[in-house]
Structures are given as C-alpha cells and as structure tokens.
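# Secondary and tertiary structure notes
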Amino acid sequence: MTVERHGQIVRLRPEKREEYLRLHAAVWPQVEATLTAHHVRNYTIFLVDDTLFATYEYTGDDHAADMAGVAADPVTQEWWRHTDPCQAPWGSGTPAGAGPWRDAVEVWHLD
C-alpha cells in the first residue's frame, strides 16, 4: 500500500479559539467516517499559539477525487460551516477559493 503524507497549516482566530477546541473535542462521527471512506487516516491537528498544523496519511489512488468526495459530503459541509469561521488563511500564498488551510511541502520524513 502506498501512503502519501500531507501537511497543512492555518491560523486560528483568537476570539474563536474556545469554539474550535470545543468542536474538536467531539468531532462528528459522520465527518470522521467520510474521511475514512476517502482513504484518510492518522489525521492529527496540532495547536501552537494561534497556528494549527494538520497532518494526515492518504492511502487511495486519486487524492484529488477523494478530497472532492469529502467536500461533497453534506455533513462535512455543515461541519465546515462551524469550523471555517474559526480559521484565517496562513500567509499570503493561499489561492482564492482554496479554503483557509494552506498545503505544506514535505521536506523530510523518518520512517
């Protein structure tokens, strides 16, 4: 099985910190099921000050299609309506319409 590692970064709006942490203390089961069904595993979000860094492993054959499938899920869309207002794009390189998370480039990995 091929595993792709992905990393993303976003800013957490300080005034929304508690709401974001509350939401992620109990992520909706359907959101987790949708990610799993689209070959996402070992998804972790870390917090440092007001910066969120996420990592996940992808085990499918078509990352773009699976991410489109996640984005098409109505429950995940509702989840994002709650979480997206808590986030602000990180840096100036986020493409328009890409959502607040910015992809990170893997530089090194110890297996």
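- Per an unreviewed UniProt entry, the protein goes by L-rhamnose mutarotase and derives from Cellulomonas hominis.

## Brief notes about the overall build of the protein
- Along the protein, the regular secondary structure elements total four helices and five strands.
- N-terminal to C-terminal, the α/β element order of the protein is β-α-α-β-β-α-α-β-β.
- Computed over the C-alpha atoms, the radius of gyration of the protein is 14 Å, within 12% of the 13 Å expected from 2.2 N^0.38 for a compact globule of 111 residues.
- Here the protein holds 111 residues, and 29% of them are scored as buried.

## A look at the pattern of salt bridges
- Taken as a whole, this structure holds five salt bridges when the rule is applied.
- Between E106 and R5 there is a salt bridge; the shortest N-O distance is 2.8 Å. You can see E106 sitting in the segment after strand 5 (102-104) and its partner R5 sitting in strand 1 (residues 4-12), a full 101 residues away along the chain.
- Accessibility expressed as a relative area gives 41% for E106, which makes it partly exposed.
- Between D50 and R17 there is a salt bridge, with its nearest N and O atoms 3.4 Å apart. Taken together, the residues D50 in the loop between strand 2 (40-48) and strand 3 (51-58) and R17 in helix 1 (residues 17-24) connect sequence positions 33 residues apart.
- Classification of R17 as partly exposed rests on a relative accessible area of 27%.

## Notes on the nonpolar core
- Among the nonpolar cores identified, the biggest contains eight residues, and these are L23, V31, L35, V40, Y56, Y58, V70 and W79.
- Elements supplying a minimum of two residues to this core: helix 2 (29-37) and strand 3.
- Apart from residues no more than four positions distant in its own chain, Y58 is found in contact with T2, V3, E4, H6, H38, H39, H63, D66 and M67.

## Here we look at helix 4 (residues 74-83)
- For helix 4, the set of buried residues is T76, W79 and T83. The arc enclosing the buried residues of helix 4, seen along the axis, measures out at 55°, which places them on a common side. For helix 4, exposure combined with an orientation more than 90 degrees from the buried face picks out P74 and R81.
- Against helix 1, helix 2, helix 3 (63-72) and strand 4 (87-88) lie the buried residues of helix 4.

## A word on the pairing of strand 3
- For strand 3, the tally of buried residues reaches six of eight residues, placing the bulk of the element in the interior.
- Bridge analysis of strand 1 against strand 3 gives eight bridges, and the strand direction is antiparallel. By the bridge assignment for strand 3, I9 is matched with F53.
- Both strand 2 and strand 3 contribute to a ladder of seven bridges, which runs antiparallel. Along strand 3, the bridge assignment pairs T44 with T55.
- Turn length for the strand 2-strand 3 hairpin, with the two strands adjacent in sequence and antiparallel, is two residues, and the turn residue D49 shows positive phi of about 55°.

Rules behind the numbers
Here the residue index of a chain counts from 1 through its sequence in written order. Only residues with pLDDT of 70 or above have their local features reported here, since the model is predicted, and side-chain atom pairs are shown and tallied only from 80 upward, although totals for entire chains, interfaces and linings are computed over all residues. Calculated side-chain values reflect all of the structure's heavy atoms, with hydrogen atoms and water omitted. Runs of H or I in DSSP of at least four residues are treated as helices and runs of E of at least two as strands, each being numbered from the N terminus. In this setup the radius of gyration rests on C-alpha atoms only. A globule is expected at 2.2 Å times the number of residues raised to 0.38. For each residue, the accessible area found with a 1.4 Å probe, counting protein chains only, is set against the maximum for its type, and the residue is called buried under 20%, exposed over 50%, and partly exposed in between. What counts as a salt bridge is simple: a side-chain nitrogen of Lys or Arg found within 4 Å of a carboxyl oxygen of Asp or Glu. Nonpolar core, defined: a set of buried Ala, Val, Leu, Ile, Met, Phe, Trp, Tyr and Cys residues in which side-chain atoms within 4.5 Å join the residues together. Any two residues whose heavy atoms approach within 4.5 Å at even a single point are treated as in contact. As used here, the arc is the angular range of directions from the helix axis to the C-beta atoms. DSSP bridges decide pairing: two strands pair if at least two such bridges lie between them.

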